[in-house]
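# Residue-level structural notes
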Amino acid sequence: MTRVALINPNWNYDGSIYFGCRSPHLPLELGISQHYLKEAGHQTLLLDAHMFGLSFSDLQSELRAFGPDMIVITTAPTYLFWRCAPPELRVPQQLALAVRDLAPMLVAVGPHGSTTPRATLKKLAVDIVVMGECEQSLLRLANGERDFAGLAFAENGAVHVNGAPQAVGFTDQPALDWPQEMIARHSHHHHRFEAEPIGPGAEVEASRGCPYNCTFCAKENFRNAYRKRPPAVLLEEIDRLRQRGVEYIYFIDEIFLPNPELLEGLVARGLKFGVQTRIDLWKPDMLKLLGRAGCVSIEAGIESLTPEGRASLAKNCKMTTEQLADRLVEARRHVPFVQANLIEMPQDDDPVVQRWRGRMQDAGVWANDPVPLYPYPGSPDYRKLWGEPDDFAWERAHKHYLAMFDQFSDVQEQRPVPLSELELQVAR
Ligand code: SF4
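None of the values given here were measured: they were computed from a predicted structure. (Residues numbered from 1 in each chain as written. Predicted model: local features only at pLDDT ≥ 70, side-chain atom pairs only at ≥ 80, totals over all residues. Heavy atoms only, no water.)

What follows covers the overall build of the chain. Check the secondary structure of the chain and you find 17 helices and 15 strands. In terms of C-alpha radius of gyration, the chain reaches 21 Å, essentially the compact-globule figure of 22 Å for 428 residues. Its C-alpha atoms give the chain principal-axis dimensions of about 60 × 50 × 35 Å. By the burial criterion, 59% of the 428 residues in the chain qualify as buried. Within the chain, contacts between residues at least 6 apart in sequence are counted, and of these 72% link residues at least 24 apart. For the chain, the exposed surface amounts to about 16900 Å²; the carbon and sulfur share of it is 50%. Counting 44 positive and 55 negative side-chain charges, the chain places the centres of these two groups 3 Å from one another. (Helix = DSSP H or I, 4+ residues; strand = E, 2+ residues; numbered from the N terminus. Rg over C-alpha atoms; globule rule 2.2 N^0.38 Å. Buried < 20%, exposed > 50% of the residue type's maximum accessible area, 1.4 Å probe, protein only. Contact = heavy atoms within 4.5 Å. Areas by Shrake-Rupley, 256 points an atom, 1.4 Å probe, with all protein chains shown as cover. Lys, Arg positive; Asp, Glu negative; His and termini not counted. Charge placed at Lys NZ, Arg CZ, Asp CG, Glu CD.)

A separate point is the pattern of salt bridges. Scanning the entire structure with this criterion turns up 27 salt bridges. With a shortest N-O distance of 2.8 Å, E194 and R192 are connected by a salt bridge. The class for E194 is partly exposed, based on a relative accessible area of 29%. Put simply, R83, E133, E135, E205, R208, R223, R227 and E254 are held in one network by salt bridges that share partners. (Salt bridge = Lys/Arg side-chain N within 4 Å of Asp/Glu carboxyl O.)

A separate point is the site of the ligand. Looking at the ligand, the residues that line it are R83, C210, Y212, N213, C214, F216, C217, K219, E254 and R278. For the shell around the ligand, the class distribution of residues is five nonpolar, one polar and four charged. (Near = heavy atom within 4 Å. Nonpolar A, V, L, I, M, F, W, Y, C, P; charged D, E, K, R; others polar.)

Among the residues making up helix α11 (residues 284–293), those that are buried are M286, L287, L289, L290, G291 and A293. Elements in contact with the buried residues of α11: α10 (260–267), β12 (272–277), β13 (295–303) and α13 (321–334).

With respect to burial, strand β14 (residues 338–342) is a largely interior element, five of its five residues being buried. What you see with β14 is no split at all: V338, A340 and L342 on one side and Q339 and N341 on the other are buried throughout. Two elements, β13 and β14, share five bridges in a ladder whose sense is parallel. In the sheet register, E303 faces β14, and the bridge partner there is L342. Tracing the backbone out of β14, into helix α14 (residues 350–362) and back to the parallel element strand β15 (residues 365–367) gives a crossover that is right-handed. (Pairing = 2+ DSSP bridges. Right-handed = clockwise from strand over helix to strand, strands pointing away.)

The subject of this paragraph is the environment of S420. With respect to the secondary-structure elements, S420 resides in helix α17 (residues 419–422). Distance in space between the C-alpha atoms of S420 and H398 is 9.9 Å, their sequence separation being 22 residues.

Here the focus is the nonpolar core. Counting 88 residues, the largest nonpolar core has L138, I249, F251, L263, F273, I298 and L328 as its most contacted members. Membership of the second largest hydrophobic core comes to 26 residues, among which are A5, L47, A108 and A152. (Core = buried A, V, L, I, M, F, W, Y, C linked by side-chain atoms within 4.5 Å.)

This brings us to the sheet that holds β12. Pairing between sheet strands relies on hydrogen bonds along the backbone, with the strands arranged either parallel or antiparallel. One open sheet holds the six strands; their spatial order is β8-β11-β12-β13-β14-β15, and the pairing between them is parallel. This sheet does not close on itself; its edge strands, each paired only once, are β8 (201–204) and β15. Across this sheet, the average inter-strand angle for adjacent strands is 20°, counted without regard to direction. The pairing of β14 with β15 spans three bridges and is parallel. By the bridge assignment, A340 is partnered in β15 with A367. (Axes fitted to C-alpha atoms, helices over the stretch in contact; angles between N-to-C directions.)

All right, on to the packing of helix α3 (residues 56–66) against helix α4 (residues 90–99) then. The N-to-C vectors of α3 and α4 enclose an angle of 45°; their axes lie 10 Å apart at closest approach. What the angle tells us is that α3 and α4 run oblique. As for how α3 packs across α4, the hand of that crossing is right-handed. Contact residues: α3 offers F56, L59, Q60 and L63, while α4 offers Q94, L95, A98 and V99. Here the contact of α3 with α4 is composed, by residue class, of six nonpolar, two polar and no charged. (Parallel < 35°, antiparallel > 145°, perpendicular 65-115°, else oblique. Left-handed = near helix turned anticlockwise from the far one by under 90°.)

This part covers the packing of helix α1 (residues 28–39) against helix α7 (residues 135–142). Contact pair α1 / α7: the axes reach a minimum separation of 9 Å and the direction vectors enclose 45°. With respect to their mutual orientation, α1 and α7 come out oblique. Handedness of the α1/α7 crossing: right-handed. Every residue of α7 that contacts α1 at E29, I32, S33, Y36 and L37 is listed here: E135, Q136, L138, L139 and A142.

Quick look at the structure:
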(Lines give C-alpha, C1' and ligand atoms only; values in the text may rest on other atoms or scores of the structure.)
Protein backbone atom coordinates (compact mmCIF):
# COMPACT_ATOMS: atom_id res chain seq x y z
CA MET A 1 0.00 0.00 0.00
CA THR A 2 1.31 3.43 -0.98
CA ARG A 3 0.26 6.71 0.61
CA VAL A 4 -0.39 9.17 -2.22
CA ALA A 5 -1.11 12.89 -1.80
CA LEU A 6 -2.60 14.60 -4.85
CA ILE A 7 -2.37 18.39 -4.90
CA ASN A 8 -4.05 21.01 -7.03
CA PRO A 9 -1.99 24.18 -6.44
CA ASN A 10 -3.47 27.45 -5.26
CA TRP A 11 -3.33 29.10 -8.68
CA ASN A 12 -2.28 32.68 -9.24
CA TYR A 13 -2.21 34.12 -12.75
CA ASP A 14 -0.57 37.52 -12.18
CA GLY A 15 1.36 38.51 -15.30
CA SER A 16 0.26 35.35 -17.15
CA ILE A 17 -1.14 35.11 -20.66
CA TYR A 18 -3.52 32.47 -19.28
CA PHE A 19 -6.78 32.61 -21.26
CA GLY A 20 -8.82 30.18 -19.18
CA CYS A 21 -11.24 30.79 -16.37
CA ARG A 22 -9.60 31.76 -13.08
CA SER A 23 -12.22 30.35 -10.70
CA PRO A 24 -11.65 27.00 -8.98
CA HIS A 25 -13.06 23.91 -10.73
CA LEU A 26 -13.02 20.25 -9.73
CA PRO A 27 -9.49 18.88 -10.30
CA LEU A 28 -10.76 16.03 -12.45
CA GLU A 29 -7.41 14.43 -13.27
CA LEU A 30 -6.69 14.12 -9.55
CA GLY A 31 -10.20 12.98 -8.63
CA ILE A 32 -10.17 10.22 -11.24
CA SER A 33 -6.67 9.14 -10.23
CA GLN A 34 -7.72 9.09 -6.59
CA HIS A 35 -10.61 6.79 -7.47
CA TYR A 36 -8.34 4.21 -9.10
CA LEU A 37 -5.72 4.47 -6.34
CA LYS A 38 -8.29 3.89 -3.61
CA GLU A 39 -9.87 1.05 -5.53
CA ALA A 40 -6.44 -0.63 -5.63
CA GLY A 41 -6.05 -0.29 -1.86
CA HIS A 42 -3.75 2.74 -1.67
CA GLN A 43 -4.25 5.51 0.88
CA THR A 44 -4.95 8.90 -0.70
CA LEU A 45 -5.24 12.53 0.29
CA LEU A 46 -6.58 15.01 -2.26
CA LEU A 47 -5.68 18.58 -1.37
CA ASP A 48 -7.30 21.24 -3.53
CA ALA A 49 -5.37 24.32 -2.50
CA HIS A 50 -7.23 26.44 -5.05
CA MET A 51 -10.76 25.47 -4.01
CA PHE A 52 -9.96 25.71 -0.28
CA GLY A 53 -7.50 28.62 -0.43
CA LEU A 54 -4.75 26.60 1.27
CA SER A 55 -1.39 28.23 2.01
CA PHE A 56 1.90 26.36 1.86
CA SER A 57 1.89 26.02 5.64
CA ASP A 58 -1.68 24.57 5.50
CA LEU A 59 -0.51 22.07 2.89
CA GLN A 60 2.63 21.22 4.84
CA SER A 61 0.61 20.53 8.01
CA GLU A 62 -1.80 18.28 6.10
CA LEU A 63 1.07 16.42 4.45
CA ARG A 64 2.98 15.96 7.70
CA ALA A 65 -0.12 14.47 9.29
CA PHE A 66 -0.71 12.17 6.30
CA GLY A 67 2.90 11.09 5.73
CA PRO A 68 2.82 10.50 1.96
CA ASP A 69 5.15 8.14 0.09
CA MET A 70 4.39 10.04 -3.08
CA ILE A 71 3.15 13.58 -3.76
CA VAL A 72 1.53 14.38 -7.10
CA ILE A 73 1.29 17.95 -8.40
CA THR A 74 -0.70 18.97 -11.46
CA THR A 75 0.60 21.76 -13.70
CA ALA A 76 -2.79 22.86 -15.02
CA PRO A 77 -5.91 23.86 -13.14
CA THR A 78 -8.03 20.77 -14.00
CA TYR A 79 -8.31 18.70 -17.21
CA LEU A 80 -10.58 21.40 -18.64
CA PHE A 81 -7.55 23.62 -19.11
CA TRP A 82 -4.83 21.19 -20.17
CA ARG A 83 -5.15 22.47 -23.75
CA CYS A 84 -4.74 26.11 -22.69
CA ALA A 85 -2.78 25.92 -19.43
CA PRO A 86 -0.78 28.84 -18.08
CA PRO A 87 2.53 28.51 -19.97
CA GLU A 88 4.57 29.37 -16.89
CA LEU A 89 5.29 26.80 -14.19
CA ARG A 90 5.67 29.42 -11.46
CA VAL A 91 2.89 28.16 -9.19
CA PRO A 92 3.76 24.43 -9.45
CA GLN A 93 7.44 25.35 -9.00
CA GLN A 94 6.72 27.19 -5.76
CA LEU A 95 4.54 24.33 -4.55
CA ALA A 96 7.15 21.70 -5.43
CA LEU A 97 9.75 23.63 -3.43
CA ALA A 98 7.40 23.90 -0.46
CA VAL A 99 6.60 20.16 -0.30
CA ARG A 100 9.88 18.73 -1.63
CA ASP A 101 11.01 17.32 1.72
CA LEU A 102 7.66 15.88 2.74
CA ALA A 103 7.70 12.70 0.63
CA PRO A 104 10.39 10.48 -0.89
CA MET A 105 8.82 10.82 -4.34
CA LEU A 106 7.55 13.97 -6.02
CA VAL A 107 5.63 13.50 -9.27
CA ALA A 108 4.30 16.08 -11.76
CA VAL A 109 1.41 15.51 -14.14
CA GLY A 110 0.01 17.90 -16.73
CA PRO A 111 0.37 19.36 -20.21
CA HIS A 112 3.88 20.77 -19.65
CA GLY A 113 5.45 17.45 -18.76
CA SER A 114 3.49 15.75 -21.53
CA THR A 115 4.97 18.09 -24.14
CA THR A 116 8.34 19.11 -22.75
CA PRO A 117 9.23 16.42 -20.16
CA ARG A 118 12.91 17.31 -19.74
CA ALA A 119 12.31 21.01 -19.19
CA THR A 120 9.43 20.30 -16.82
CA LEU A 121 11.47 17.83 -14.77
CA LYS A 122 14.23 20.39 -14.37
CA LYS A 123 12.03 23.41 -13.75
CA LEU A 124 10.03 21.62 -11.07
CA ALA A 125 12.91 19.57 -9.64
CA VAL A 126 10.52 16.63 -9.24
CA ASP A 127 11.57 12.98 -9.31
CA ILE A 128 9.19 11.86 -12.05
CA VAL A 129 7.18 13.54 -14.78
CA VAL A 130 4.16 11.66 -16.12
CA MET A 131 3.60 12.19 -19.84
CA GLY A 132 0.04 12.16 -21.16
CA GLU A 133 -3.18 11.23 -19.40
CA CYS A 134 -2.08 10.40 -15.91
CA GLU A 135 -4.61 8.12 -14.18
CA GLN A 136 -3.11 4.71 -15.01
CA SER A 137 0.51 5.87 -14.78
CA LEU A 138 -0.06 7.17 -11.25
CA LEU A 139 -1.62 3.85 -10.30
CA ARG A 140 1.35 1.96 -11.72
CA LEU A 141 3.76 4.22 -9.82
CA ALA A 142 1.82 3.63 -6.60
CA ASN A 143 1.95 -0.11 -7.32
CA GLY A 144 5.73 0.15 -7.35
CA GLU A 145 6.35 -0.02 -11.10
CA ARG A 146 9.00 2.29 -12.51
CA ASP A 147 9.88 0.87 -15.89
CA PHE A 148 7.04 1.78 -18.22
CA ALA A 149 6.41 4.13 -21.10
CA GLY A 150 5.20 7.64 -20.43
CA LEU A 151 7.63 8.63 -17.65
CA ALA A 152 10.55 11.04 -17.50
CA PHE A 153 12.96 10.89 -14.57
CA ALA A 154 16.49 11.83 -13.56
CA GLU A 155 19.08 9.15 -12.98
CA ASN A 156 22.79 9.60 -12.34
CA GLY A 157 22.57 13.24 -13.36
CA ALA A 158 20.89 12.56 -16.71
CA VAL A 159 17.24 12.89 -17.67
CA HIS A 160 15.63 9.79 -19.14
CA VAL A 161 12.44 9.95 -21.19
CA ASN A 162 10.80 6.56 -21.41
CA GLY A 163 8.51 6.31 -24.44
CA ALA A 164 5.79 8.72 -25.47
CA PRO A 165 2.80 10.30 -23.69
CA GLN A 166 0.18 7.71 -22.76
CA ALA A 167 -3.60 7.71 -23.07
CA VAL A 168 -5.99 5.83 -20.79
CA GLY A 169 -9.02 3.80 -21.86
CA PHE A 170 -11.47 6.31 -20.36
CA THR A 171 -14.61 4.57 -21.66
CA ASP A 172 -14.62 2.39 -18.52
CA GLN A 173 -14.15 5.27 -16.10
CA PRO A 174 -16.64 4.67 -13.28
CA ALA A 175 -19.02 7.22 -11.75
CA LEU A 176 -17.02 9.60 -9.55
CA ASP A 177 -18.18 10.62 -6.11
CA TRP A 178 -16.86 14.01 -4.99
CA PRO A 179 -16.83 14.83 -1.26
CA GLN A 180 -19.64 17.02 0.01
CA GLU A 181 -17.23 19.63 1.42
CA MET A 182 -15.65 20.07 -1.99
CA ILE A 183 -18.97 20.46 -3.77
CA ALA A 184 -20.17 22.89 -1.09
CA ARG A 185 -17.13 25.10 -1.87
CA HIS A 186 -17.75 24.94 -5.62
CA SER A 187 -19.86 28.05 -6.04
CA HIS A 188 -18.64 28.79 -9.58
CA HIS A 189 -20.79 27.86 -12.56
CA HIS A 190 -18.36 27.64 -15.43
CA HIS A 191 -19.34 29.68 -18.48
CA ARG A 192 -22.86 30.32 -17.23
CA PHE A 193 -24.32 33.76 -17.86
CA GLU A 194 -28.10 33.48 -18.10
CA ALA A 195 -28.78 33.39 -14.35
CA GLU A 196 -27.11 33.73 -10.98
CA PRO A 197 -26.17 30.43 -9.28
CA ILE A 198 -28.43 29.30 -6.49
CA GLY A 199 -26.60 26.04 -5.71
CA PRO A 200 -23.13 24.59 -6.23
CA GLY A 201 -21.66 23.85 -9.65
CA ALA A 202 -19.49 20.93 -10.80
CA GLU A 203 -17.59 19.66 -13.81
CA VAL A 204 -18.24 16.35 -15.56
CA GLU A 205 -16.40 14.62 -18.37
CA ALA A 206 -18.72 12.80 -20.78
CA SER A 207 -16.15 12.32 -23.50
CA ARG A 208 -12.44 12.84 -23.91
CA GLY A 209 -10.52 13.92 -26.98
CA CYS A 210 -11.67 15.07 -30.37
CA PRO A 211 -11.63 13.55 -33.85
CA TYR A 212 -10.55 16.88 -35.42
CA ASN A 213 -7.07 18.34 -35.66
CA CYS A 214 -7.37 22.12 -35.68
CA THR A 215 -3.93 23.65 -36.04
CA PHE A 216 -4.14 25.76 -32.88
CA CYS A 217 -5.31 22.96 -30.59
CA ALA A 218 -2.70 21.56 -28.18
CA LYS A 219 -4.22 18.15 -27.57
CA GLU A 220 -1.90 15.75 -29.36
CA ASN A 221 -0.07 14.62 -26.24
CA PHE A 222 -3.18 14.01 -24.13
CA ARG A 223 -6.93 14.01 -24.62
CA ASN A 224 -6.39 13.39 -28.33
CA ALA A 225 -8.38 10.35 -29.49
CA TYR A 226 -12.14 10.68 -29.09
CA ARG A 227 -13.67 8.37 -26.46
CA LYS A 228 -16.96 8.56 -24.59
CA ARG A 229 -18.38 7.15 -21.39
CA PRO A 230 -21.65 5.19 -21.36
CA PRO A 231 -24.62 7.45 -20.56
CA ALA A 232 -25.77 5.22 -17.67
CA VAL A 233 -22.46 5.72 -15.82
CA LEU A 234 -22.49 9.44 -16.47
CA LEU A 235 -26.04 9.78 -15.23
CA GLU A 236 -25.06 7.92 -12.07
CA GLU A 237 -22.23 10.42 -11.50
CA ILE A 238 -24.60 13.28 -12.22
CA ASP A 239 -27.18 11.90 -9.79
CA ARG A 240 -24.53 11.80 -7.05
CA LEU A 241 -23.76 15.45 -7.78
CA ARG A 242 -27.48 16.30 -7.63
CA GLN A 243 -27.71 14.57 -4.26
CA ARG A 244 -24.94 16.88 -3.09
CA GLY A 245 -27.02 19.89 -4.12
CA VAL A 246 -25.40 20.65 -7.49
CA GLU A 247 -27.54 22.91 -9.65
CA TYR A 248 -25.32 23.27 -12.71
CA ILE A 249 -22.71 21.09 -14.37
CA TYR A 250 -20.22 21.93 -17.07
CA PHE A 251 -19.23 19.19 -19.48
CA ILE A 252 -15.49 19.72 -19.91
CA ASP A 253 -15.44 17.63 -23.11
CA GLU A 254 -13.29 19.10 -25.87
CA ILE A 255 -16.26 18.57 -28.13
CA PHE A 256 -19.66 17.72 -26.66
CA LEU A 257 -21.23 15.73 -29.49
CA PRO A 258 -24.95 14.99 -29.92
CA ASN A 259 -25.77 12.07 -27.63
CA PRO A 260 -29.54 11.41 -27.56
CA GLU A 261 -29.38 8.83 -24.76
CA LEU A 262 -27.49 11.16 -22.43
CA LEU A 263 -29.64 14.14 -23.34
CA GLU A 264 -32.89 12.19 -22.84
CA GLY A 265 -31.54 11.11 -19.44
CA LEU A 266 -30.85 14.73 -18.54
CA VAL A 267 -34.33 15.95 -19.55
CA ALA A 268 -35.91 14.28 -16.53
CA ARG A 269 -33.27 15.47 -14.07
CA GLY A 270 -33.93 19.20 -14.27
CA LEU A 271 -30.26 20.21 -14.07
CA LYS A 272 -28.73 23.12 -15.92
CA PHE A 273 -25.52 22.55 -17.87
CA GLY A 274 -23.02 24.11 -20.26
CA VAL A 275 -21.01 22.67 -23.15
CA GLN A 276 -18.32 23.53 -25.68
CA THR A 277 -18.84 22.10 -29.12
CA ARG A 278 -18.83 22.64 -32.87
CA ILE A 279 -22.15 24.02 -34.00
CA ASP A 280 -21.73 22.46 -37.48
CA LEU A 281 -22.26 19.03 -35.90
CA TRP A 282 -25.68 19.83 -34.41
CA LYS A 283 -28.86 19.46 -36.43
CA PRO A 284 -31.94 21.52 -35.44
CA ASP A 285 -33.79 18.59 -33.81
CA MET A 286 -30.76 17.80 -31.63
CA LEU A 287 -30.40 21.47 -30.64
CA LYS A 288 -34.01 21.36 -29.52
CA LEU A 289 -33.28 18.27 -27.40
CA LEU A 290 -30.13 19.95 -26.04
CA GLY A 291 -32.24 22.86 -24.82
CA ARG A 292 -34.91 20.56 -23.35
CA ALA A 293 -32.19 18.61 -21.54
CA GLY A 294 -31.22 21.77 -19.62
CA CYS A 295 -28.36 23.27 -21.62
CA VAL A 296 -28.05 26.97 -20.79
CA SER A 297 -24.65 27.71 -22.32
CA ILE A 298 -23.01 26.76 -25.60
CA GLU A 299 -19.51 27.86 -26.56
CA ALA A 300 -18.91 27.09 -30.23
CA GLY A 301 -15.61 27.53 -32.04
CA ILE A 302 -16.30 29.29 -35.35
CA GLU A 303 -12.77 30.73 -35.38
CA SER A 304 -12.81 32.42 -38.82
CA LEU A 305 -15.54 33.99 -40.97
CA THR A 306 -13.91 32.99 -44.23
CA PRO A 307 -13.63 29.49 -45.71
CA GLU A 308 -9.95 30.27 -46.36
CA GLY A 309 -9.41 31.18 -42.72
CA ARG A 310 -11.16 28.04 -41.49
CA ALA A 311 -9.21 25.94 -43.99
CA SER A 312 -5.91 27.41 -42.83
CA LEU A 313 -6.82 26.35 -39.29
CA ALA A 314 -7.72 22.86 -40.60
CA LYS A 315 -11.21 23.22 -39.12
CA ASN A 316 -12.54 20.72 -41.65
CA CYS A 317 -15.86 22.53 -41.55
CA LYS A 318 -18.39 21.57 -44.21
CA MET A 319 -20.70 24.54 -43.66
CA THR A 320 -20.58 28.01 -45.16
CA THR A 321 -20.32 31.05 -42.89
CA GLU A 322 -23.99 31.75 -43.56
CA GLN A 323 -24.99 28.24 -42.57
CA LEU A 324 -22.90 28.50 -39.40
CA ALA A 325 -24.63 31.76 -38.53
CA ASP A 326 -28.06 30.19 -39.10
CA ARG A 327 -27.16 27.23 -36.92
CA LEU A 328 -25.98 29.53 -34.11
CA VAL A 329 -29.26 31.43 -34.29
CA GLU A 330 -31.17 28.15 -34.29
CA ALA A 331 -29.22 27.08 -31.17
CA ARG A 332 -30.15 30.37 -29.50
CA ARG A 333 -33.85 29.52 -29.95
CA HIS A 334 -33.37 26.66 -27.51
CA VAL A 335 -30.41 27.68 -25.32
CA PRO A 336 -30.30 31.05 -23.49
CA PHE A 337 -26.58 31.73 -23.99
CA VAL A 338 -24.74 30.92 -27.19
CA GLN A 339 -21.20 32.12 -27.85
CA ALA A 340 -19.32 32.00 -31.14
CA ASN A 341 -15.55 32.01 -30.62
CA LEU A 342 -13.44 33.87 -33.15
CA ILE A 343 -9.68 33.92 -33.64
CA GLU A 344 -7.72 36.83 -35.06
CA MET A 345 -7.02 35.71 -38.64
CA PRO A 346 -5.31 37.56 -41.51
CA GLN A 347 -8.06 36.28 -43.86
CA ASP A 348 -10.78 38.12 -41.90
CA ASP A 349 -11.24 41.88 -42.43
CA ASP A 350 -11.98 43.66 -39.20
CA PRO A 351 -15.01 45.66 -40.49
CA VAL A 352 -16.55 42.42 -41.79
CA VAL A 353 -15.91 40.74 -38.44
CA GLN A 354 -17.40 43.64 -36.50
CA ARG A 355 -20.50 43.69 -38.72
CA TRP A 356 -20.94 39.94 -38.26
CA ARG A 357 -20.54 40.29 -34.50
CA GLY A 358 -23.22 42.99 -34.51
CA ARG A 359 -25.55 40.86 -36.58
CA MET A 360 -25.04 37.91 -34.25
CA GLN A 361 -25.59 40.05 -31.20
CA ASP A 362 -28.85 41.35 -32.69
CA ALA A 363 -29.90 37.70 -32.95
CA GLY A 364 -28.94 37.09 -29.31
CA VAL A 365 -25.66 35.28 -30.03
CA TRP A 366 -22.49 36.57 -28.39
CA ALA A 367 -19.41 36.61 -30.62
CA ASN A 368 -16.12 37.63 -29.05
CA ASP A 369 -13.71 40.18 -30.46
CA PRO A 370 -11.20 37.91 -32.21
CA VAL A 371 -8.31 36.88 -29.99
CA PRO A 372 -4.77 36.19 -31.22
CA LEU A 373 -3.43 32.64 -31.27
CA TYR A 374 -0.89 31.43 -28.77
CA PRO A 375 1.20 28.77 -30.50
CA TYR A 376 1.01 26.22 -27.70
CA PRO A 377 3.82 23.67 -27.68
CA GLY A 378 2.11 20.43 -28.67
CA SER A 379 -0.14 22.11 -31.24
CA PRO A 380 0.30 21.74 -35.01
CA ASP A 381 0.79 25.53 -35.17
CA TYR A 382 3.85 25.30 -32.93
CA ARG A 383 5.26 22.50 -35.06
CA LYS A 384 4.69 24.47 -38.27
CA LEU A 385 6.67 27.38 -36.84
CA TRP A 386 9.53 25.61 -35.08
CA GLY A 387 9.32 21.83 -35.42
CA GLU A 388 8.97 19.45 -32.49
CA PRO A 389 8.98 21.15 -29.05
CA ASP A 390 12.38 21.17 -27.34
CA ASP A 391 13.40 22.28 -23.83
CA PHE A 392 12.82 25.93 -24.70
CA ALA A 393 9.49 25.49 -26.46
CA TRP A 394 7.41 27.42 -23.93
CA GLU A 395 9.91 30.30 -23.85
CA ARG A 396 9.92 30.41 -27.66
CA ALA A 397 6.13 30.41 -27.99
CA HIS A 398 5.83 33.04 -25.29
CA LYS A 399 8.39 35.36 -26.81
CA HIS A 400 6.72 35.04 -30.20
CA TYR A 401 3.33 35.83 -28.74
CA LEU A 402 4.49 38.86 -26.78
CA ALA A 403 6.31 40.22 -29.82
CA MET A 404 3.47 39.69 -32.27
CA PHE A 405 0.53 41.05 -30.39
CA ASP A 406 0.01 44.13 -28.34
CA GLN A 407 -3.64 43.54 -27.63
CA PHE A 408 -4.77 40.71 -25.46
CA SER A 409 -8.02 39.01 -24.65
CA ASP A 410 -10.31 40.79 -22.24
CA VAL A 411 -9.60 38.36 -19.36
CA GLN A 412 -6.03 39.63 -19.28
CA GLU A 413 -6.04 42.81 -17.24
CA GLN A 414 -2.32 43.48 -17.45
CA ARG A 415 0.29 43.02 -20.14
CA PRO A 416 1.75 39.54 -19.75
CA VAL A 417 5.42 39.36 -18.82
CA PRO A 418 8.15 37.08 -20.24
CA LEU A 419 8.39 33.55 -18.92
CA SER A 420 11.83 34.26 -17.51
CA GLU A 421 10.27 36.84 -15.18
CA LEU A 422 7.48 34.51 -14.11
CA GLU A 423 9.41 31.33 -13.40
CA LEU A 424 12.25 30.48 -11.07
CA GLN A 425 15.29 30.03 -13.29
CA VAL A 426 17.05 26.66 -13.43
CA ALA A 427 20.01 25.35 -15.41
CA ARG A 428 18.99 23.39 -18.53
S1 SF4 B 1 -12.67 20.86 -32.77
FE2 SF4 B 1 -10.60 21.61 -33.10
S3 SF4 B 1 -10.28 23.11 -31.41
FE4 SF4 B 1 -12.04 21.85 -30.84
S5 SF4 B 1 -11.13 20.23 -29.58
FE6 SF4 B 1 -11.28 19.47 -31.70
S7 SF4 B 1 -9.26 19.88 -32.58
FE8 SF4 B 1 -9.44 21.12 -30.72
